[in-house]
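If you want the building blocks of each chain, they are given just below.
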Amino acid sequence: KDSFESPIEIFNQEYQGVFIRAPALEGYDKSKEDIKVLSVLDDEIIAIQQGPHLAISFHPELTEDTLVHEYFIRGVIGRN
């Protein structure tokens with residue numbers, strides 16, 4: 001019912017986001033300098049990072065585009 005697909009921008013690239021009943025982030029502690037907003041859709045945060053932790057409200061596993069997975073793996077091995 002609340003699922004949809006939409007082009008988004010993440011990591012300075014266009015990406016097809018697949019959203020399944022996806023909540024957006026309501027806010028975050030802006031005093032934390034290590035928090036990065038990675039993507040916004042319709043003025044709502046849909047991807048955010050703090051240190052090695054990622055939170056996303058779309059499903060990259062439902063696309064053939066490996067951009068988000070590659071970013072995550074590079075972060076795990078310390079290359080982001």
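Before reading further, recall that the structure is shown in the block above.
Let me begin by describing the structure that accompanies this report. (Residues numbered from 1 in each chain as written. Predicted model: local features only at pLDDT ≥ 70, side-chain atom pairs only at ≥ 80, totals over all residues. Heavy atoms only, no water.)

Here's the deal with a negative patch on the surface
Taken together, Glu26, Asp42, Asp43 and Glu44 make up a surface patch of like negative charges. Looking at the secondary structure, you find aspartate 42 in the loop between β3 (35–41) and β4 (44–50). Aspartate 42 sits in the exposed class, given a relative accessible area of 66%. (Patch = residues over 30% accessible without salt bridge, like charges linked within 9 Å, V, L, I, M, F, W, Y side chains within 5 Å. Areas by Shrake-Rupley, 256 points an atom, 1.4 Å probe, with all protein chains shown as cover. Salt bridge = Lys/Arg side-chain N within 4 Å of Asp/Glu carboxyl O. Lys, Arg positive; Asp, Glu negative; His and termini not counted. Charge placed at Lys NZ, Arg CZ, Asp CG, Glu CD. Helix = DSSP H or I, 4+ residues; strand = E, 2+ residues; numbered from the N terminus. Buried < 20%, exposed > 50% of the residue type's maximum accessible area, 1.4 Å probe, protein only.)

Brief notes about the packing of aromatic side chains
In the structure shown here, the tally under the stated rule is four aromatic pairs. Taken together, a centroid distance of 4.7 Å and an interplanar angle of 10° make the contact between phenylalanine 4 and phenylalanine 19 stacked. Taken together, the residues phenylalanine 4 in strand β1 (residues 4–10) and phenylalanine 19 in strand β2 (residues 13–19) connect sequence positions 15 residues apart. Residue classification places phenylalanine 19 among the buried positions, given a relative accessible area of 2%. With 5.9 Å between their ring centres and 50° between their planes, tyrosine 15 and phenylalanine 58 make a pair best called tilted. Of the two residues, tyrosine 15 is situated in strand β2 and phenylalanine 58 in the loop between β5 (53–56) and α1 (67–76); the sequence distance between them amounts to 43 residues. Given a relative accessible area of 3%, phenylalanine 58 falls into the buried group. An aromatic cluster is defined as three or more aromatic residues linked by ring pairs; in this entry it consists of Phe4, Tyr15, Phe19 and Phe58. (Phe/Tyr/Trp six-rings, centres within 6.5 Å; stacked < 30°, edge-to-face > 60°.)

What about the sheet that holds β4?
Read from one edge of the open sheet, three strands run β3-β4-β5, paired in antiparallel fashion. The open sheet terminates on both sides in strands that have one partner only, identified here as β3 and β5. Taken pair by pair, the neighbouring strands of this sheet meet at an average axis angle of 20°, ignoring direction. Pairing geometry for β4 and β5, over four bridges, is antiparallel. Directly across from glutamine 49, in β5, lies its bridge partner leucine 54. Against the sheet, α1 makes contact with β3, β4 and β5, and its axis sits at roughly 160° relative to β5, the strand it touches most. (Pairing = 2+ DSSP bridges. Axes fitted to C-alpha atoms, helices over the stretch in contact; angles between N-to-C directions. Contact = heavy atoms within 4.5 Å.)

Section: the nonpolar core
Counting 13 residues, the largest nonpolar core has Ile8, Ile10, Phe11, Tyr15 and Phe58 as its most contacted members. At the level of elements, β1, β2, β3, β4 and α1 are the ones that each hand at least two residues to this core. It is α1 that contributes the most residues to this core, three residues altogether. In this structure isoleucine 8 touches Gln13, Glu14, Tyr15, Gly17, Phe19, Ser39, Leu41, Ile46 and Phe58, once residues within four positions along its chain are discounted. (Core = buried A, V, L, I, M, F, W, Y, C linked by side-chain atoms within 4.5 Å.)

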